[in-house]
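Reading the structure
So the chains spell out like this:
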Amino acid sequence: MSGPQCCENPPTLNPSSGVGRLEKVAGLDSYVAGSPDSKSAIVFVSDIFGYDAPNLRKFADKAAAAGYYVVVPDFFYGDPYVPDNAGRTIQIWLQDHGAAKGFEDVKPVIESLKSKGITAIGAVGFCWGAKVVVELAKQDNIKAGVFCHPSFVSVDDIKEVKVPLAILGAEIDQMSPPAVIKQFEEILAAKPDVRKQ
């Protein structure tokens, strides 16, 4: 679960950041970048601060520059976590924005991309978003996934993964410490069907 490390230095949200554009994708406000004619797409699933985070959009722009069509949906419907709101702690905010809802909301996004002729779809999840991506990976809805600071992902989640994953942790991470990331990697390494894809 997100803790003080995640929330001590929140980004300054900027809805006009990035070189992409805003569009509706499967009914969700989304930041999109890259050519919609690409046959490969990446869905970026944000951390608790949402899709207006400038660094998230910079990552999306870099992936788009490499030839991917990138979609960053607003899974929080304009309601990202605001640490300065003392009346709405992270625990209260998470009750309104559980990763299970994010998983349900991402499925129509994936279907929308497929309906445009995109044949290879991957996903990148940051913190809260990693849990959404692991759910996609358990159901074989994507070709590959990436987690960055997967604080909501469990060992049991990793055991059910059906697609290749890259997991990016940090040395000083109380929510996803290196020992947990190593467990994840060992489980994935023992799954030959996942490594081959």
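Counting starts from 1 at the beginning of each chain's written sequence and moves along it residue by residue. In keeping with the predicted nature of the model, local features appear solely for residues at pLDDT of at least 70, side-chain atom pairs appear and are counted solely at 80 or more, and the whole-chain, interface and lining totals rest on all residues. To obtain the side-chain values, all non-hydrogen atoms of the structure were used and water was disregarded.

**Overview of the overall build of the protein**
Secondary structure follows DSSP: runs of H or I at least 4 residues long count as helices, runs of E at least 2 residues long count as strands, and numbering of each begins at the N terminus. Each helix and strand in the protein was counted, giving 8 helices and 7 strands. Atoms counted for the radius of gyration: C-alpha only. Globule rule: 2.2 Å times residue count to the power 0.38. Whereas a compact globule of 197 residues would reach a radius of gyration of roughly 16 Å, the protein reaches 16 Å, a difference of no more than 12%. Buried positions account for 49% of the 197 residues belonging to the protein. Any two residues whose heavy atoms approach within 4.5 Å are treated as being in contact. If you take every contact in the protein between residues at least 6 apart in sequence, the share linking residues at least 24 apart comes to 65%. Residue-level accessible areas treat just the shown protein chains as cover; the underlying method is Shrake-Rupley with a 1.4 Å probe. Surface summary for the protein: the accessible area is close to 9500 Å², and the carbon and sulfur share equals 54%. When charges are counted, Lys and Arg contribute as positive and Asp and Glu as negative, whereas His and the chain ends are disregarded. The location of each charge is read from NZ of Lys, CZ of Arg, CG of Asp or CD of Glu. The distance from the centre of the 20 positive side-chain charges to the centre of the 24 negative ones in the protein is 7 Å. The rule is simple: take the accessible area with a 1.4 Å probe, protein chains only, and divide by the maximum for that residue type; under 20% is buried, over 50% is exposed, in between is partly exposed.

**Examining the UniProt feature "domain: Dienelactone hydrolase" (unreviewed entry) in the protein**
Listed under "domain: Dienelactone hydrolase" (unreviewed entry) in the UniProt record, and renumbered for this structure, are residues 29-190. Structurally, residues 29-190 comprises 40% helix and 20% strand, and the distance from its first C-alpha atom to its last is 39 Å. UniProt positions are given in the numbering used here, feature names are shortened, and annotations may be inferred rather than shown by experiment.

**Some thoughts on the side chain of Ser30**
Mapped onto the fold, Ser30 is located in strand S2 (residues 28-33). Residue classification places Ser30 among the buried residues on the basis of a relative accessible area of 1%. At 3.0 Å, the side chain of Ser30 and the backbone oxygen of Leu28 are in polar contact. Residues within four places of Ser30 in sequence aside, it is in contact with Arg21, Leu22, Glu23, Val25, Tyr51, Val71, Val72 and Pro73. Pairs of N or O atoms are called polar contacts if they sit within 3.5 Å, as long as, within protein, a hydrogen donor faces a hydrogen acceptor (for residues adjacent in sequence, only side-chain-to-side-chain pairs).

**Things to note about the state of the cysteines**
When the sulfur atoms of two cysteines share a covalent bond, that bond is a disulfide. Defined by distance alone, a disulfide is two cysteine sulfur atoms within 2.5 Å. Enumeration over the complete set of coordinates arrives at 0 disulfides. As a non-bridged cysteine, Cys148 has Cys127 as the owner of its nearest cysteine sulfur, 10 Å distant. We classify Cys148 as buried; its relative accessible area is 16%.

**Topic: the pairing of strand S6 (residues 144-148)**
Two strands are said to pair when DSSP picks up at least two bridges between them. Summarising the sheet, strand S5 (residues 120-126) and S6 pair through 5 bridges and their orientation is parallel. Considered in S6, the bridge of Val124 is made with Val146. Considered for its hand, the β-α-β crossover made up of S5, helix H5 (residues 128-138) and S6 is right-handed. As defined by bridge partners, S6 adjoins strand S7 (residues 165-168) across 4 bridges and the pair is classed as parallel. Following the sheet pairing, Val146 is matched in S7 by Ala166. A clockwise course of the path from the first strand over the helix to the second, judged with the strands pointing away from the viewer, identifies a crossover as right-handed.

**Describing helix H4 (residues 99-115)**
For an α-helix, the turn length of 3.6 residues means that residues three or four places apart are oriented alike. Helix span is expected to be 1.5 Å times the residue number reduced by one. Taking 1.5 Å per residue as the helical rise, H4 with its 17 residues ought to reach 24 Å, and the 25 Å between its terminal C-alpha atoms agrees with that figure. Of the positions making up H4, those classed as buried are Ala99, Gly102, Phe103, Asp105, Val106, Val109, Ile110, Ser112 and Leu113. For H4, the elements touching its buried residues are strand S1 (21-25), S2, strand S3 (40-45), strand S4 (69-73), S5 and H5. Where H4 terminates, the next one or two residues include Gly117, which has phi positive at roughly 90°.

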